[in-house]
Amino acid sequence: LLWEWREYVRASHPLGVAKLVAAVDWTRAAQVAELHALLEHWPQVPARHALGLLVPQFADQQVRAAAVRWLSQLTDHQLCLYLLQLVHAVRHEPF
């Protein structure tokens, strides 16, 4: 149901990005492609929400790239506040 409201979520509730990503049927290439297109135009989200996309459940490279793009907006001081969570996320990074 959430997937049906994806444009509304992007426009009105961008902090729901992780819930929308979780609602994708990863066996349907069209849905995955549409998610990737949505993420390209998704508004900036706070770091704690971007970190939610770096969990092992979301191993898709473009989902993770969107999270990194949002995290790259942090200042050095802000980045230090999230360093422990980032190190934990790297443990699950598919190299």
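From a predicted model like this one, the values you see are computed outputs, not experimental measurements.

Asker: An account of the packing of aromatic side chains is needed here, citing residue identities and associated values.
Answerer: Applying the stated criterion across every chain, the model contains 1 aromatic pair. Ring geometry for Trp5 against Tyr8: centres 5.9 Å apart, planes inclined by 80°, an arrangement best described as edge-to-face. On the basis of relative accessibility, which here comes to 43%, the residue Tyr8 falls in the partly exposed class.

Asker: Before we move on, could you go through the pattern of salt bridges and cite the residues and values that matter?
Answerer: Applying the stated rule across the entire model yields 2 salt bridges. Of the charged contacts, one joins Arg6 and Glu34 as a salt bridge, the two residues approaching to 2.6 Å between their closest N and O atoms. You can see Arg6 sitting in helix 1 (residues 6-12) and its partner Glu34 sitting in helix 3 (residues 29-40), a full 28 residues away along the chain. The class of Glu34 is partly exposed, set by a relative accessible area of 29%. Of the charged contacts in the structure, one is a salt bridge between Glu7 and Arg10, with a shortest N-O distance of 3.1 Å.

Asker: Quick one: what's the story with the environment of Gln85, residue by residue and with numbers?
Answerer: Positionally, Gln85 belongs in helix 7 (residues 83-90). For the pair Gln85 and Glu7, spaced 78 residues apart in sequence, the C-alpha to C-alpha distance is 29 Å.

Asker: I'd like a rundown of a nonpolar patch on the surface, residues and numbers included.
Answerer: Nonpolar side chains collect at one region of the surface, where Leu1, Trp5 and Tyr8 lie side by side and expose about 430 Å² of accessible area between them. Residue classification places Trp5 among the exposed residues on the basis of a relative accessible area of 52%.

Asker: Just give me the short version of the nonpolar core, but keep the residues and values in it.
Answerer: Counting residues in hydrophobic clusters, the biggest one holds 25 residues, and the most contacted among them are Trp42, Leu53 and Trp70. At the level of elements, helix 2 (17-22), helix 3, helix 4 (47-51), helix 5 (61-71) and helix 7 are the ones that each hand at least two residues to this core. Here this core gets 5 residues from one element, more than from any other, and that element is helix 5. Setting aside its immediate chain neighbours within four residues, Trp42 contacts Val9, Arg10, Pro14, Val17, Leu20 and Trp70.

Asker: Describe in detail helix 3, supporting the description with residues and values.
Answerer: A turn of α-helix holds 3.6 residues, and therefore any two residues three or four places apart point the same way. Helix length check: helix 3, at 12 residues, gives a terminal C-alpha distance of 17 Å against a target of 16 Å (1.5 Å per residue), a fit within 8%. Close packing links the buried residues of helix 3 with helix 1, helix 2 and helix 5.

Asker: Pulling in residues and values, what's your account of the side chain of Gln31?
Answerer: Tracing the chain through its elements places Gln31 in helix 3. Under the relative-accessibility criterion, Gln31 is labelled buried at 10%. For Gln31, the contacting residues outside a window of four places in its chain are Trp3, Ala23, Val24 and Asp25.

About the cut-offs
Residues numbered from 1 in each chain as written. Predicted model: local features only at pLDDT ≥ 70, side-chain atom pairs only at ≥ 80, totals over all residues. Heavy atoms only, no water. Phe/Tyr/Trp six-rings, centres within 6.5 Å; stacked < 30°, edge-to-face > 60°. Buried < 20%, exposed > 50% of the residue type's maximum accessible area, 1.4 Å probe, protein only. Salt bridge = Lys/Arg side-chain N within 4 Å of Asp/Glu carboxyl O. Helix = DSSP H or I, 4+ residues; strand = E, 2+ residues; numbered from the N terminus. Patch = residues over 30% accessible without salt bridge, like charges linked within 9 Å, V, L, I, M, F, W, Y side chains within 5 Å. Areas by Shrake-Rupley, 256 points an atom, 1.4 Å probe, with all protein chains shown as cover. Core = buried A, V, L, I, M, F, W, Y, C linked by side-chain atoms within 4.5 Å. Contact = heavy atoms within 4.5 Å. Expected span 1.5 Å × (residues − 1).

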